[in-house]
Amino acid sequence: MVDSRSEPAWAWPDLHDAQRAVLLEVLINGSASRAELARRTGLSRTSLTRLARDLVELGFLAEGETNAPNGRGRPSEILNLEPSAAQFAGVKLTGEALYAVVTDLQANVIELEEQSLVSRYAPDAVSQIAEIVRGFSASHPRLASVGVCLAGDVEQVRGRSVIVGSHFLGWDNVPLESLVEAETGLPIAMSNDVQALTAAHHWFGAGVGRRSLVLFGLGAGIGAGIVVNDELVRGSHGHPGKVGHIPVRHIGPTCDRGHVGCASAYVTIPAILHNAADTSFERVLERAAAGDRAAQSALDDAGYALGVVVAQLMNVIDPEKVIVTGEGLAVARAGKAAMDIALAEQLDPAFERSEIDVHDFSFADYAWAAAVSAIRRVV
Ligand SMILES: [Zn+2]
């Protein structure tokens with residue numbers, strides 16, 4: 001039996017700010033020569049040479065012969081990230097299941113595991129997360145940190161992340177960061193799942209290179225993540241992007257908070273099932289594809305509501321790109337005509353429309369996003 005509180009054999013080193021800045025630059029913006037890195041970070045060539053040597057010695061960077069991605073620079077001077085320098089665990093909790101991944105330093109998934117959630121009782125969930133992390137640590141000795149994300153509100157209380165509310169898990173005020181850290185001995189990053197996914201796409205996914213971005217996560221609920229000026233918007237209370245109750249129509253179905261015709265009354269999977277009188281989202285999609293009017297009508301209403309929400313945020317944020325993803329993303333395809341009508345009605349006419357990317361999704365994406373939050377926690 002492994003002592004769950006034993007110190008890990010390897011720990012992420014305590015980098016100082018300048019070392020971190022250089023590592024982050026290569027991590028996010030790719031391989032570069034020392035001269036290019038000095039220019040991009042605003043550091044002197046002398047400092048950069050010393051910092052690069054530190055990072056090579058620590059194993060995070062390696063001298064490479066390959067050219068920079070843009071094809072410029074002298075090949076002999078290129079510094080590359082060493083993705084195998086550290087590994088990161090990411091866990092997504094739902095009310096029923098737990099999805100877990102291990103990634104390398106470049107956020108490439110190298111292991112994936114899916115388990116049924118043993119119970120929604122928080123100490124049981126913590127034990128299950130810790131057991132998975134111990135397994136990952138055994139096969140990946142340079143596991144540096146752990147990210148956990150879920151649908152719910154995460155707040156900082158005295159410098160620690162607390163789940164102040166998660167409807168799907170039935171949790172109130174669960175100090176998950178402290179609990180998982182005590183069990184694993186590793187630094188923990190806790191996030192709302194849509195916020196984590198937005199940050200992950202910004203650094204490593206569909207939002208790379210965009211300084212502003214809005215991501216919509218569709219599923220049991222609808223939430224938005226916002227990046228402005230290359231920074232994830234965190235809000236003053238830790239939970240921005242509450243778009244679920246934006247009014248769509250003055251008559252129609254009612255959401256769980258009693259609003260008539262708000263976005264949640266149409267666009268969430270439970271709302272679509274209610275409005276289509278079905279119990280399976282897949283079957284609603286199949287029925288609509290086969291010409292069932294009630295099913296198509298529920299998807300059109302959902303698409304229209306999605307279009308309203310997307311248009312409102314585009315009008316406010318003016319992002320370079322919009323990403324629509326999550327297990328309910330089929331709404332943006334099966335209800336696309338209605339979504340386009342809402343966009344045409346509600347987008348500001350002066351607005352040059354941002355790219356809308358309906359992005360394929362699996363639940364492992366949220367676990368990947370949690371692993372990216374673990375990378376962001378230490379780098
Ligand atoms: Zn509502």
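All of these numbers come straight from a predicted model, not from anything done at the bench. All residue numbers refer to position in the chain's written sequence, counted from 1. Local features in this predicted model are restricted to residues of pLDDT 70 or higher, and side-chain atom pairs are both shown and tallied only at a pLDDT of 80 or more, whereas totals for entire chains, interfaces and linings draw on every residue. Note that the side-chain values use all heavy atoms of the structure and ignore hydrogens as well as water.

1. Digging into the overall build of the protein chain
Assigned secondary structure in the protein chain consists of twelve helices and 15 strands. Our radius of gyration looks at C-alpha atoms and nothing else; its globule reference is 2.2 Å times the residue count to the power 0.38. Taking 379 residues into account, the globule formula puts the C-alpha radius of gyration at 21 Å, and the protein chain, at 22 Å, falls close to it. Viewed in the frame of its principal axes, the protein chain has a C-alpha envelope of about 65 × 55 × 40 Å. Looking at the protein chain residue by residue over its 379 residues, the buried ones come to 53%. For the protein chain, long-range pairs separated by at least 24 residues make up 61% of all intrachain contacts whose partners lie at least 6 apart in sequence. Counting only carbon and sulfur atoms, one obtains 50% of the accessible surface of the protein chain, whose full area is about 17,000 Å². None of His or the chain ends enter the tally, which takes Lys and Arg as positive and Asp and Glu as negative. Taken as the charge centre is NZ of Lys, CZ of Arg, CG of Asp or CD of Glu, depending on the residue. Here the protein chain contributes 31 positive and 46 negative side-chain charges, whose respective centroids are spaced 5 Å apart. Runs of H or I in DSSP of at least four residues are treated as helices and runs of E of at least two as strands, each being numbered from the N terminus. Burial classes follow relative accessibility: with a 1.4 Å probe on protein chains only, a residue under 20% of its type's maximum area counts as buried, one over 50% as exposed, and anything between as partly exposed. Should any heavy atoms of two residues lie within 4.5 Å, those residues are counted as being in contact. In this description, accessible areas are obtained by the Shrake-Rupley approach with a 1.4 Å probe, and a residue is regarded as covered only by the protein chains that are shown.

2. Observations concerning the domain arrangement of the protein chain
Start and end positions for the domains come from either an automated domain assignment or a database one. Each domain of the protein chain was delimited in the assignment, giving domain 1 (17-84), domain 2 (86-198 + 365-378) and domain 3 (209-358). Using only C-alpha atoms to locate each centre, domain 1 and domain 2 end up separated by 30 Å. Listed per partner, the contact involves eight residues of domain 1 and eight residues of domain 2. Summed over both partners, the accessible surface that disappears when two parts come together, traced with a 1.4 Å probe, is what is meant by buried area. Of all residues in domain 1, Leu 27, Pro 83 and Ser 84 bury the most surface against domain 2, accounting for 59% of the area lost on that side.

3. Some points on the pattern of salt bridges
Two side chains that carry opposite charge are able to pair once their charged atoms sit near each other. One side-chain nitrogen of Lys or Arg within 4 Å of one carboxyl oxygen of Asp or Glu is enough to make a salt bridge. Overall, the coordinates contain 21 salt bridges when judged by the stated rule. A salt bridge links Arg 34 to Glu 63, with the nearest nitrogen and oxygen atoms 2.6 Å apart. Of this pair, Arg 34 sits in helix α2 (residues 34-41) while Glu 63 sits in strand β2 (residues 61-64), and the two are 29 residues apart along the sequence. Overall, the relative accessible area of 17% leaves Arg 34 in the buried class.

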